[in-house]
Amino acid sequence: MYDVKELLDKLEREKSLSKEEWIYIFDNYTEDDRKYAAEKARKISLAKFSNKVYIRGIVEFSNVCVNDCYYCGIRRSNKNVERYTLSKEEILECCKYGYEYGYRTFVLQSGEKAKSVKEVAEIVKAIKKQHPDCAVTLSLGELEEEDYRLLKEAGADRYLLRHETANEEHYKKLHPENMSLEHRKNCLRTLKKLGYQTGAGIMVGSPFQTSTHLAEDMLFLKELRPEMIGIGPFLPHKDTPFKDEPKGSYTLTLFLLSLCRLMLPSVLLPATTALGTITPRGREEGILSGANVIMPNLSPTDVRKQYMLYDNKICVNDASAHCNDCLKLRLSSIGYETEISRGDYHD
Ligand code: SAM
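This write-up is about the structure you can find in this document. Keep in mind that what you see is a predicted model, and the values were worked out from it rather than measured. (Residues numbered from 1 in each chain as written. Predicted model: local features only at pLDDT ≥ 70, side-chain atom pairs only at ≥ 80, totals over all residues. Heavy atoms only, no water.)

Remarks on the sheet that holds strand β6 (residues 197-204)
Taken in spatial order, the six strands make up an open sheet running β2-β3-β4-β5-β6-β7, and their pairing is parallel. A single partner strand is all that each edge strand has here, and the edge strands are β2 (57-62) and β7 (228-233). The average angle at which neighbouring strand axes cross in this sheet is 20°, direction not considered. Strand direction decides the pairing type here: strand β5 (residues 158-160) and β6, joined by three bridges, are parallel. (Pairing = 2+ DSSP bridges. Helix = DSSP H or I, 4+ residues; strand = E, 2+ residues; numbered from the N terminus. Axes fitted to C-alpha atoms, helices over the stretch in contact; angles between N-to-C directions.)

A short note on helix α1 (residues 4-14)
For α1, the set of buried residues is Val4, Leu7, Leu8 and Leu11. Here the buried residues of α1 occupy an arc of 100° about the axis, which is enough to place them on one side. The outward face of α1, more than 90 degrees from its buried face, is lined by the exposed residues Glu6 and Arg13. Looking at where α1 begins, the residue whose side-chain oxygen comes 3.1 Å from the main-chain nitrogen of Lys5 is Asp3. Directly after α1, the chain includes Lys15, whose backbone phi takes a positive value near 60°. (Buried < 20%, exposed > 50% of the residue type's maximum accessible area, 1.4 Å probe, protein only. Arc of directions from axis to C-beta. Polar contact = N/O pair within 3.5 Å; in protein donor to acceptor, adjacent residues only side chain to side chain.)

With respect to the nonpolar core
One recurring pattern in soluble globular proteins: nonpolar side chains tend to sit buried together. Ranked by internal contacts, the top residues of the largest apolar core, which has 101 residues, are Trp22, Leu138 and Leu256. Residue contacts for Leu138: discarding those within four places in its chain leaves Leu108, Val120, Val124, Leu151, Ala156, Arg158, Tyr159 and Leu160. (Core = buried A, V, L, I, M, F, W, Y, C linked by side-chain atoms within 4.5 Å. Contact = heavy atoms within 4.5 Å.)

Focus: the environment of Cys187
Summarising the element assignment, Cys187 is placed in helix α8 (residues 181-193). The buried category is assigned to Cys187, whose relative accessible area is 3%. It is 7.6 Å that separates the C-alpha atoms of Cys187 and Glu144, two residues lying 43 residues apart in sequence.

Comments concerning the site of the ligand
Neighbouring residues of the ligand: 18 residues in total, closest Tyr71, Arg162, Glu164, Arg184 and Leu235. Side-chain polar atom of Glu112 to a nitrogen atom of the ligand: 3.2 Å apart, as the coordinates give it. Arg184 is positioned such that a nitrogen or oxygen atom in its side chain is 3.1 Å from an oxygen atom of the ligand. The protein chains hide 92% of the 560 Å² of surface that the ligand would expose on its own. Counted by class, the shell around the ligand contains ten nonpolar, four polar and four charged residues. (Near = heavy atom within 4 Å. Areas by Shrake-Rupley, 256 points an atom, 1.4 Å probe, with all protein chains shown as cover. Nonpolar A, V, L, I, M, F, W, Y, C, P; charged D, E, K, R; others polar.)

Quick notes on the pairing of β6
The buried fraction of β6 amounts to eight of the eight residues, a majority that puts the element mostly inside the structure. A crossover links β6 with its parallel partner β7, the connecting element being helix α9 (residues 211-224), and its sense is right-handed. (Right-handed = clockwise from strand over helix to strand, strands pointing away.)

A word on unusual backbone geometry
Leaving glycine out, the prevailing phi sign among residues is negative, and the prevailing peptide bond configuration is trans. Unusually for a residue other than glycine, Lys113 sits at a positive phi of about 60°. The class of Lys113 is exposed, set by a relative accessible area of 56%.

Focus: the packing of helix α4 (residues 88-101) against helix α5 (residues 117-130)
Helix-helix packing: each pair is described by the crossing angle between the helix axes and the interaxial distance. Two elements in contact, α4 and α5, have axes separated by 10 Å at closest approach and are oriented at 35°. The way α4 lies across α5 gives a crossing that is right-handed. Where α4 abuts α5, its residues Lys88, Ile91, Leu92 and Cys95 lie against Glu122, Ile123, Ala126, Ile127 and Gln130. (Left-handed = near helix turned anticlockwise from the far one by under 90°.)

What about the packing of helix α2 (residues 19-28) against α9?
Across the interface, α2 lies against α9 with an axial gap of 8 Å and an inter-helix angle of 130°. Relative to α9, the element α2 lies oblique. The two elements α2 and α9 cross, and the hand of that crossing is right-handed. Residues Lys19, Trp22, Ile23, Phe26 and Asp27 of α2 touch α9, and the partners they reach there are Ser211, Thr212, Leu214, Ala215, Glu216, Met218 and Leu219. Of the residues that constitute the contact of α2 with α9, the class distribution is seven nonpolar, two polar and three charged. (Parallel < 35°, antiparallel > 145°, perpendicular 65-115°, else oblique.)

Concerning the sheet that holds strand β9 (residues 337-339)
The sheet built from three strands is open, its strands ordered β8-β1-β9 with parallel pairing. Unpaired on one side and paired on the other, β8 (293-294) and β9 mark the two borders of the sheet. Helix α14 (residues 320-332) rests against β1 (52-55), β8 and β9 of the sheet, and its axis sits at about 120° to β9.

Written out as structure tokens, the structure reads:
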């Protein structure tokens, strides 16, 4: 059959593999293979980005959500969530702090339909006016083309929308019937068409995920060619239908980060908060496995606990200034440092 290390060499050389080859990798890789991939991925990211890590300050501006995804702690049906929405002024205040720390990208994330598109467009314009040298990334979920266009015209540069899984059957097991994978994929294609730097991605180890699904995810990412890929482990939340499901694998998450770096060498790849939650040094190991982005939390401390997508999320009791100091120390402990720039995608 195949040999995993030979397949990893091929991936590095040709930047693509067949579905069968991907499945073989996911079914057969060893810890030694994972480290082999991480070593290669780290060399690529060092050659592309040196030892610099791009910082994106994330403002989780509302936990109001009309969707009911089975995995998510802020899903509509969770009555134990105290809902909040930050005002334009509060969001601008968060960005002001972030700017002082040297952040040059702000990510505005929320549940679905938390604020009107017009309101978000006004906020994007205000951020751009206050910080013309900064990029704005949005992560608001699925919208119509005219909404994405309006937000682009307001100045938004990037958009994060994980596809969650590229497999139709798997998608249906993670979401209620009114949501569709086809619509989500179309949103991603529209975002690309409109000129957004676009981010797709998955949760590693989401319930019912198989090696075949992961292979399909890699093929979908290859076809879409997103500028960003968000990958973190699935972590259960106590008030969701998936409360008793096992969490995703930490090492498989690291492996997937490395595989993404090998397949799409220039991609912007965060070491996610979920990775830092599953293991204390997860984000550092993510960077050492090929990631090149970290997204510290800029939300006001008093609302952080209400944006609990999964149990035990890190940094919810901290202030932004603390997160900033902590991050710098963590990066310097592995010989990396933060980069003060927008950190746009370059091929
Ligand atoms: N509403 C927007 C959307 O759906 O894209 C943005 C907010 S949504 C909460 C952001 C991401 O959180 C999702 O794409 C999902 O992958 C991740 N997420 C939600 N619940 C999670 C869980 N239990 N474990 C890990 N990640 C989770």
